[in-house]
Amino acid sequence: MGQHADGPDERHRRPAGVSDGTVEALGKLSEALETVERARGHLYALHQLIGHADLMLDDAVELFRAAGHADVADRIGRDLLGRNVIAGRWTFQIVEDFDDGYYALFRELDRQARDELVDGRRHLYEAEMKERRRTRGRPGHEARPGAEG
C-alpha cells in the first residue's frame, strides 16, 4: 500500500477487511495493557519505597539505641528489619513473579492478537480516533510528523 498524502502512516492504518469490532476489541485490550503498565509502575514504586524504608530502619535502630532504648531498638531490629513483606517474599521477588508471570503473559497475548488480526499494528483505535478528531489544515493537527495538516 502506498503512503497517503494525508492521514496516518501505513503502520497505523487498518488492514483491508478488518472490522470496526476487531479494532475496538484490540483497542480495549491495549487500554487494559496500559492500565497494567501503570500498575506495574506502582508495584516498582512499592518495591523502591519499602526498600528505602527498610534501610531507614538502620538509622532508627541506631537512634533508639543512642537514646537509651535498647529494648525498642532490639525489637525493631529483630522483628521488622529485613522482614518479608508477604510470606516468604521481599518486594524484589514479588516484582519478579509479576513480571515473569501475569505481565509477560498479558504482553504476549496482546502481541499475538495484534499479529493475528492486524499484522502486528498497534494503536489502530487511537489512530482512527485522531483522524476523527483532528482539524485538517490547522497547525498542530497534522496526521504525522512532517505531514501537511
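This text follows the structure it describes.
Small disclaimer: the values here were computed from a predicted structure and weren't measured.

Q: Give a detailed account of the pattern of salt bridges, specifying residues and quantitative values.
A: Going through the model one piece at a time under the given rule, you end up with 14 salt bridges. With its nearest N and O atoms 2.6 Å apart, the salt bridge here joins Arg 14 to Glu 128. Pair noted here: Arg 14 is in the segment before helix 1 (20–66) and Glu 128 is in helix 4 (residues 124–133), with a separation of 114 residues, a long-range link. By relative accessible area, Arg 14 is classed as partly exposed at 24%. Here Lys 28 makes a salt bridge to Glu 31, at a shortest N to O gap of 3.0 Å. Of this pair, Lys 28 and Glu 31 both sit in helix 1, 3 residues apart, which is roughly one turn of the helix. A relative accessible area of 54% places Lys 28 in the exposed class.

What counts and what doesn't
Residues numbered from 1 in each chain as written. Predicted model: local features only at pLDDT ≥ 70, side-chain atom pairs only at ≥ 80, totals over all residues. Heavy atoms only, no water. Salt bridge = Lys/Arg side-chain N within 4 Å of Asp/Glu carboxyl O. Helix = DSSP H or I, 4+ residues; strand = E, 2+ residues; numbered from the N terminus. Buried < 20%, exposed > 50% of the residue type's maximum accessible area, 1.4 Å probe, protein only.

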